[in-house]
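# Reading the structure
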Amino acid sequence: MTRMLGRTKKSARIPLRVSLLWILLLSTCALVVWTLREPLILAYEDVSFALAPSAERAYQYGERHFGESEDSNYDIDRAKYFLSWAAQKDPDALYVYHELARIEFLQGNFTEALRLINIQIARHGTDTPNSFYIRGLIEGYVGMYEESAADYKYFLQFDPHNWAAANDCAWVLLKAGKVQEAADITSKALLDDPNNPWLLNTNATALYEIGKVSLAKERITHAQNAVTTLTDAEWSHAYPGNDPLIAPQGVAAFKEAVQSNYAHILSASATHE
Amino acid sequence: MNFSRLWRRFKARSKGALIPHGSAIAVSAILILVAFAAAQPHSRGAVASAETRFVEHGNSGLQIVPASCPSSPHYVGECNPSDRGCSLSVGQSVTTAGTANTISWNIANPLGYTISGSLNPGGVLVSSQSGQMTVAPTQTTTYTLSGTLVFWIFTQGTFSCQNTITICAAGQVVQNGQCVTACGDGLAKNSDGTCTRCTSPFTYDNTVHACTCTSGGSLFADGSGKTCSCPDGLAINSDNTCTRCVAPQTYNAATHACVCSGTGCSCPDSQPPNSDGSCTRCPVNATYNSSTHACQCPTGQFIQGGQCVCDPSAGGCVTIPAPSVTQWQVRPLLVRSGSTTNVSWNVANVQSCTVTGSNGDYWTGSSGAKVSSPITQQTIYRLSCTPLTGSSAAAVNQSAVVNIVPIFNE
């Protein structure tokens, strides 16, 4: 009996080497799962969508590949596929046409973007006030400056302290020749956000164009200082829906523009003085 | 070193192992190679958009750079460069040391990810999309809320936002959201912002905004045992004030005011009392607010010299006409498939209007009469107008629905 018990007790112990191998195997599996997480999630999305397709699920997956998140998620074509599917199944979903319009806008298809955002506005109106902002953005890009300013102003009623709306409204006002109005709107927005490089740059431009060169110089100098610390993350935050990987190029382009304005105004200021 | 001998000894001692060692090692090696390959920088190139390098040149040649922050559906609270994915607000941004203050947060999480964050200083764990907590800083403190959004076991995004509570220096008080210096006598203002001084044994009570009784003083004229007496020698009110009321009004210690109560009670001017029982009368154009027990002038005006006067800096007394929709018509509202409808509108006192159709029709202008594109399905037309600058009126937002005549199959 004792011998049997002794044999049982001995064989129940797992050799140390085996334990270490199990630990190694499990650790490696965990590493692989972590490394392959995005392909695994994509596979999960495809399988779950195939098994239980719905407009709500399609919208969620579309947003996941279009929203501001880790760069490994960003896939605008995949987002467009899911959002288009959602729009077909549930055209009354609150933001679906808004998101499709944004995608078309980012891809440079402005006519289609305008058509989609008009559908969004016709269906939902002020339930999605930033749809008017999007339409203003599209109109600005295609040169419809008066219409763009009207839409920006309409949106600003709902979000009067939104710096981007103030900045963009000033942009199209400048293009429409309403320089003083552009200066006023950006000066007012700077009270809420005094270190915002976009506002500083646009305000400097407006001030310069109405002849306030020394004040423009002050603003553009401030903009130059502010933009030097602009990070990729902050740029992505100001341009949602863009590929996070493109942020370095966007930051560089913005810095070039501010630097160019800085040099131009400084030169004019020297002559002016 | 004899590796084959080591291998034989290794195999012998591992007899009875739950899994063959060689297989386990081989599988692990394969998995490591797969993980290594997958860990290589992904080959996806950056995708540029129409916005990436877009600049416009102004008339002066300077470059204008638009942004697009409020584009996304969850833009609220995200359009501040220092706020990313959340908003953090405080009850009082300027206060005195040790004063209780409420911090509220709201995290943008439209896809319902799991929230894992913290509020610092303090390291308070945050896992809810919105919430609040009470703090009482003794020095100017910047609070930062930051964390991650997790989907299943993977991090899908981060959030970070800040707000600052400014603490006034010793001897300063808060007035109109700013730290202000002491009164003209060199002493600190009362916490309600007044400079009222009281003669001992009275002290200023900020809750009733009056001098109230403290210990010390003489007995009442009637010999009652209270330690304070009012200057007129009569008994002090139950809220420790000496406010006196003219009959038939009586002093209400709860509202700290003279009120008219009981049936048949009328004010000294023979008019009925206000709803809170007080007899306070307001200047022309002002209305009495029973909640605050004070007179209130229209927006942009304030009481001075017993009347409401305009404050142009606050936009007072400037009348901006509200939008007036004199025409908004879509006819007919029921058409055959492929037919058109007529859309006409006329709106006064607006900056601009747009008419948008869900079939893509789009017109601008404060008035117009247009023929629609051929209508092949239910179509919604929406009129949207912006009020004049300075107007407090709501934006115009009207719609009309055009339906298709059903086709009956017999």
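Just so we're clear, the structure is a prediction, and the values are computed from it rather than from any experiment.

## So, the packing of helix α10 (residues 163–175) of chain A against helix α11 (residues 179–192) of chain A
Residues and elements named next belong to chain A. Orientation of α10 relative to α11, taken along the N-to-C sense of each, is 170°, at an axis distance of 8 Å. What the angle tells us is that α10 and α11 run roughly antiparallel. For the element pair α10 and α11, the recorded crossing hand is left-handed. Across from Ala166, Cys169, Ala170, Leu173 and Leu174 in α10, the residues of α11 making contact are Val179, Glu181, Ala182, Ile185, Thr186 and Ala189. Partitioning the contact of α10 with α11 into residue classes produces nine nonpolar, one polar and one charged.

## Notes on helix α12 (residues 197–209) of chain A
Residues and elements named next belong to chain A. With 13 residues, α12 extends 18 Å between its outermost C-alpha atoms, agreeing within 8% with the 18 Å of an ideal straight helix rising 1.5 Å per residue. Most of α12 sits out of view: 13 of its 13 residues are buried. Sitting at the amino-terminal end of α12 is Asn196, which places a side-chain oxygen 3.0 Å from the backbone nitrogen of Trp198. Gly211 occupies a position one or two residues after α12 and carries a positive phi of about 95°.

## A few points about the pattern of salt bridges
Evaluated as defined, the whole model comprises 14 salt bridges over all chains. The network of salt bridges with shared partners includes Glu45, Asp46, Arg64 and Arg78 of chain A.

## Observations regarding the side chain of His65 of chain A
Residue and element names in this part refer to chain A. As for its placement among the helices and strands, His65 is situated in the loop between α4 (55–64) and α5 (76–89). Side chain to side chain, His65 and Arg78 meet in a polar contact 3.3 Å long. Here His65 is in contact with Glu38, Leu42, Glu45, Asn73, Tyr74, Asp75, Ile76, Arg78 and Ala79, once residues within four sequence places are set aside.

## Quick look at the state of the cysteines
Residue and element names in this part refer to chain B. Counted under the stated rule, the structure contains two disulfides over all chains. Note on cysteine connectivity: Cys245 is disulfide-linked to Cys258, with sulfurs 2.0 Å apart. The disulfide joining Cys245 to Cys258 has a torsion of about -90° about its S-S bond and is therefore left-handed. Residue Cys245 is located in the loop between β14 (210–213) and β15 (250–252), and its partner Cys258 is located in strand β16 (residues 257–259); the two are separated by 13 residues in the primary sequence. For Cys245, a relative accessible area of 24% corresponds to the partly exposed category.

## So, the interface of chain B and chain A
Contacts between chain B and chain A engage 81 residues on the former and 101 residues on the latter. Of the roughly 7900 Å² buried between chain B and chain A on both sides combined, carbon and sulfur atoms contribute 62%. Connecting chain B to chain A are two salt bridges. Viewed at the interface, chain A and chain B are joined by 32 residue pairs in polar contact (both at pLDDT 80 or more). It is helix α2 (residues 21–38) of chain B that provides the largest number of residues to the side of chain B that touches chain A, a total of ten residues. Partitioned by chemical class, the residues of the side of chain B that touches chain A number 42 nonpolar, 30 polar and nine charged.

## Topic: the sheet that holds strand β8 (residues 130–135) of chain B
Pairing between the strands of a sheet comes from backbone hydrogen bonds, and it takes one of two forms, parallel or antiparallel. All names here are of chain B. The strand order across the open sheet built from three strands is β3-β5-β8, with neighbouring strands paired in antiparallel fashion. The sheet is open, and its two edges are formed by β3 (86–90) and β8, each paired on a single side. Adjacent strand axes in the sheet meet at a mean angle of 15°, parallel and antiparallel pairs treated alike. Strand direction decides the pairing type here: strand β5 (residues 101–107) and β8, joined by six bridges, are antiparallel. Bridge pairing in β8 places Ser104 opposite Gln132.

## With respect to the nonpolar core
Core analysis: the largest hydrophobic core is formed by 86 residues, its most contacted members being Tyr133, Trp163, Trp171 and Trp198 of chain A. At ten residues, the largest contribution of residues to this core is made by α10 of chain A. Setting aside anything within four residues of it in sequence, one finds Trp171 of chain A in contact with Leu137, Gly140, Tyr141, Tyr152 and Thr202 of chain A together with Phe54, Glu56, Ile64 and Pro66 of chain B. Among the nonpolar cores identified, the runner-up in size contains 18 residues, and Leu88, Trp105, Ile115 and Leu149 of chain B belong to it.

## So, the environment of Gln249 of chain A
You can see Gln249 of chain A is positioned in helix α15 (residues 247–272). When the C-alpha positions of Gln249 of chain A and Trp235 of chain A are compared, they lie 9.9 Å apart, and in sequence the two are 14 residues distant. Once you skip the residues sitting within four places of it in the chain, Gln249 of chain A turns out to touch Thr52 and Arg53 of chain B.

## Quick look at the side chain of Asn196 of chain A
Here Asn196 of chain A is to be found in the loop between α11 and α12. Here the side chain of Asn196 of chain A touches Asp193 of chain A through a polar contact of 3.1 Å, side chain to side chain.

## Section: the layout of surface pockets
Regions of empty space are outlined by a rolling probe, equal in size to a water molecule, passed over the atoms. Quantified by volume, the largest pocket comes out at close to 610 Å³. Taken together, 24 residues line the largest pocket, and the ones lying closest to its centre are Lys153, Leu156, Ile185 and Lys188 of chain A together with Thr389 of chain B. No other element matches α11 of chain A, which puts seven residues into the lining of the largest pocket. Classifying every residue of the lining of the largest pocket gives eleven nonpolar, eight polar and five charged.

## A word on the sheet that holds strand β26 (residues 367–371) of chain B
Residues and elements named next belong to chain B. Read from one edge of the open sheet, three strands run β21-β23-β26, paired in antiparallel fashion. Unpaired on one side and paired on the other, β21 (324–331) and β26 mark the two borders of the sheet. Strand-to-strand twist of the sheet, defined as the mean angle between neighbouring strand axes without regard to direction, takes the value 5°. In this structure, β21 lies alongside strand β23 (residues 342–348), joined through seven bridges in antiparallel fashion. Bridging from a neighbouring strand, Arg331 pairs with Asn342 of β23.

## Structural notes on the confidence of the model for chain B
All names here are of chain B. Of all residues in chain B, 72% have pLDDT values of 70 or greater, and the mean over the chain is 77. For residues 215–222, every residue scores under 50 in pLDDT, and the model assigns this stretch 24 contacts once sequence neighbours within four places are set aside. Reported confidence for the predicted complex is 0.84 by ipTM and 0.57 by pTM.

## Structural notes on the confidence of the model for chain A
Keep in mind that low pLDDT regions are not for reading the predicted coordinates in detail. Across chain A, the average pLDDT comes to 87, with 92% of residues at 70 or higher. Of the regions scoring below 50 in pLDDT, residues 1–11 of chain A engages in zero contacts with residues more than four places distant in sequence or in other chains.

Reading the values: rules and limits
- Residues numbered from 1 in each chain as written.
- Chains lettered and ligands numbered in written order.
- Predicted model: local features only at pLDDT ≥ 70, side-chain atom pairs only at ≥ 80, totals over all residues.
- Heavy atoms only, no water.
- Axes fitted to C-alpha atoms, helices over the stretch in contact; angles between N-to-C directions.
- Helix = DSSP H or I, 4+ residues; strand = E, 2+ residues; numbered from the N terminus.
- Parallel < 35°, antiparallel > 145°, perpendicular 65-115°, else oblique.
- Left-handed = near helix turned anticlockwise from the far one by under 90°.
- Contact = heavy atoms within 4.5 Å.
- Nonpolar A, V, L, I, M, F, W, Y, C, P; charged D, E, K, R; others polar.
- Expected span 1.5 Å × (residues − 1).
- Buried < 20%, exposed > 50% of the residue type's maximum accessible area, 1.4 Å probe, protein only.
- Polar contact = N/O pair within 3.5 Å; in protein donor to acceptor, adjacent residues only side chain to side chain.
- Salt bridge = Lys/Arg side-chain N within 4 Å of Asp/Glu carboxyl O.
- Disulfide = S-S within 2.5 Å.
- Buried area = accessible area lost by both parts, 1.4 Å probe.
- Pairing = 2+ DSSP bridges.
- Core = buried A, V, L, I, M, F, W, Y, C linked by side-chain atoms within 4.5 Å.
- 1 Å grid on protein atoms, 1.4 Å probe; cavity = no way out; pocket = protein on both sides within 12 Å on 5 of 7 lines; lining within 4 Å.
- Points joined across faces, edges and corners; volume = space filled by probe spheres on them.
- pLDDT = per-residue confidence, 0-100.

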